[in-house]
Amino acid sequence: MDQSNTKTGNSKNLPESSIDVGSEAEETIHYDPLQHPFDLTDHSGQNDNSQPGVMFVNGNEPGRVILLDTPRVEVGRASSCQIKLGDISVSRRHLLLETTPEGVEATDLKSRNGVFVNNEQIKRRWLSPNDIICLGPRVMLRYALFSNVELEIYEKMYRAATLDPLTLTYNRRYLSSYMEQIQSSQAKKKNLSLILIDIDNFKGTNDSFGHHIGDQVLIHIATIIRSSVRIGDKVCRYGGEEFTVLLNEVSAIEALEIAERIRNKVEHSLLRQDGITIHSTVSIGVAMIEETHGNLDNLFQLADTRLFAAKRSGKNKVVNQSRPTDRASEK
C-alpha cells in the first residue's frame, strides 16, 4: 500500500503519470531551473535564509550536506544522477526529490530495494523537516531546511571528519570508509588503480629547514597531486609524507600516465618559501586491482612493494608492473 501523504491548502498532488520512473536503463529528462516560474528560496513560507537539503547520516561521508537547489534531483548510482551514491544496494535511479513552492516531494523510481521515510516504505510522499530517508538497507539521509549558520557549522564538521587539515586532501579515515564501500561493489572494483606516493628525502627537508617549511612542502605537493588527477579520483594523505590516489574506471596505461604526470610536475615545480627554494621529488608505486584478483588488501601491498622498488632504484621514479620508468632519464 502506498504510504504517501498529501499536503493541505494550495498543495499540488501531481498525478503518478507525470513522474518519469521507467526502467533503470532509461535516461532522465532534466529540467532547466531557469525555465521555472517559482523561486526555490521561497520554500513553504520558511525563513529566506533556510534552504532545503539532505544530509548523509552514514556511509563514508557522514555530515555532508547537499542542497536541493534545482527543481528535480535524482539520487542513485547512475552518472546522470545529481546525488551519486556508490553503494551496490542502491539502484541506478533510486529516488527523485522534487522541490516546489509547496515543499519537497520524494518519489521512489521503482528501485529494487525501496525508499523508506521514517521506517515506512513509500512510493511518493511530501517530506517534513528531519525526516529520515533510507534507500535500501544501508544508505540513510536526513531531509531538513538548513540555515546559512547551520550550513557553515556542518561544513566545518564534515571537513574535520573527512579532510586532512593541512593539505585538504582526504584523510585516512575517509579512505578506509571508501574502501569498505568499494569492497561491497564488484562494479567499482573493475578498472580500479591505486597510486602510492612518497616524498623523497622529506626528513632531510624537515631537519634542514624546520617543520614549517616541511608543512609547506606537503601543501605544495598535495596541490600538484590534486591538479594532476581527474574529477572523482580520491586523493588522500595516507601518512606523514605519503599520499594515495584511488583511480576509478582507468586502464593500466592511463594510471601510469597520471602517476608520471604527478612525478614530472613535482620534479619541475620549485617551492619558494621564506627566501628558501626547495626542490622536491617523489617516488611512486602503481597497482591495478586486476593484478590482485579483486583483493583490496593485496592491492595496497603490491603498490607499496612497487613504491619501495622506486625508492631502492634511485628515487624520483614510477614503478608499474615489473620495472621503473623515469621519463627524465630517457630524454
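As the structure is a prediction and not an experimental result, all values here were calculated from the model.

Engineer: Can you walk me through the confidence of the model for the protein chain in this structure?
Structural biologist: Do not read the fine detail of predicted coordinates wherever pLDDT is low. Averaged over all residues, the pLDDT of the protein chain equals 83, while 80% of them reach at least 70. Throughout residues 1-47 the model reports pLDDT below 50, and contacts reaching past four residues in sequence, or to other chains, amount to 86 contacts. Predicted confidence for residues 326-331 stays below pLDDT 50, and this span has eight contacts to residues more than four positions away or in other chains.

Engineer: Looking at this structure, I do not really get the sheet that holds strand S10 (residues 132-135). What am I missing?
Structural biologist: To summarise the sheet geometry, strands pair through backbone hydrogen bonds and adopt either a parallel or an antiparallel arrangement. Judged by pairing direction, the sheet is antiparallel, and its six strands sit side by side in the order S2-S1-S11-S10-S7-S8 without closing on themselves. Strands with a single pairing partner mark the edges of an open sheet, and in this sheet they are strand S2 (65-67) and strand S8 (120-122). Taken over all neighbouring pairs, the strand axes of this sheet differ in orientation by 30° on average, direction set aside. Its contacts with the sheet put helix H1 (residues 148-162) on strand S1 (51-56), S2 and strand S11 (139-146), and the angle it makes with S11 is roughly 145°.

Engineer: Just to check I follow, could you spell out the packing of aromatic side chains for this structure?
Structural biologist: Working definition: an aromatic ring pair is given by the centre-to-centre distance plus the angle between the planes. Enumeration according to the criterion identifies four aromatic pairs in this entry. Relative to Tyr154, the ring of Phe146 has its centre 5.9 Å away and its plane inclined at 85°; by these criteria the two rings are edge-to-face. A ring pair is formed by Tyr170 and Tyr174, whose centres lie 3.7 Å apart and whose planes are at 10°; its orientation type is stacked. Tyr174 shares its class with Tyr170; the two are buried. Following the ring pairs from residue to residue traces out a cluster consisting of Tyr170, Tyr174 and Tyr178. If you follow Arg172 out to its NZ or CZ, it ends over the ring of Tyr238, 4.0 Å from the centre.

Engineer: For this particular structure, what's the right way to read the environment of Arg172?
Structural biologist: Mapped onto the fold, Arg172 is located in helix H2 (residues 172-183). Classification of Arg172 by relative accessible area gives partly exposed; the value is 45%. Separated by 65 residues in sequence, Arg172 and Arg237 have C-alpha atoms that sit 6.7 Å apart. With residues up to four places along the chain from it excluded, the contact list for Arg172 reads Cys236, Arg237 and Tyr238. Only 3.2 Å separates the side chain of Arg172 from the side chain of Tyr238, close enough to count as a polar contact.

Engineer: For this particular structure, what's the right way to read a nonpolar patch on the surface?
Structural biologist: On the surface, a cluster of nonpolar side chains totalling about 300 Å² of accessible area is made up of Val149, Ile153 and Met157. Summarising the element assignment, Val149 is placed in helix H1. Overall, the relative accessible area of 56% leaves Val149 in the exposed class.

The rules behind these values
- Residues numbered from 1 in each chain as written.
- Predicted model: local features only at pLDDT ≥ 70, side-chain atom pairs only at ≥ 80, totals over all residues.
- Heavy atoms only, no water.
- pLDDT = per-residue confidence, 0-100.
- Contact = heavy atoms within 4.5 Å.
- Pairing = 2+ DSSP bridges.
- Helix = DSSP H or I, 4+ residues; strand = E, 2+ residues; numbered from the N terminus.
- Axes fitted to C-alpha atoms, helices over the stretch in contact; angles between N-to-C directions.
- Phe/Tyr/Trp six-rings, centres within 6.5 Å; stacked < 30°, edge-to-face > 60°.
- Buried < 20%, exposed > 50% of the residue type's maximum accessible area, 1.4 Å probe, protein only.
- Lys NZ or Arg CZ within 6 Å of the ring centre and 35° of its normal.
- Polar contact = N/O pair within 3.5 Å; in protein donor to acceptor, adjacent residues only side chain to side chain.
- Patch = residues over 30% accessible without salt bridge, like charges linked within 9 Å, V, L, I, M, F, W, Y side chains within 5 Å.
- Areas by Shrake-Rupley, 256 points an atom, 1.4 Å probe, with all protein chains shown as cover.
- Salt bridge = Lys/Arg side-chain N within 4 Å of Asp/Glu carboxyl O.

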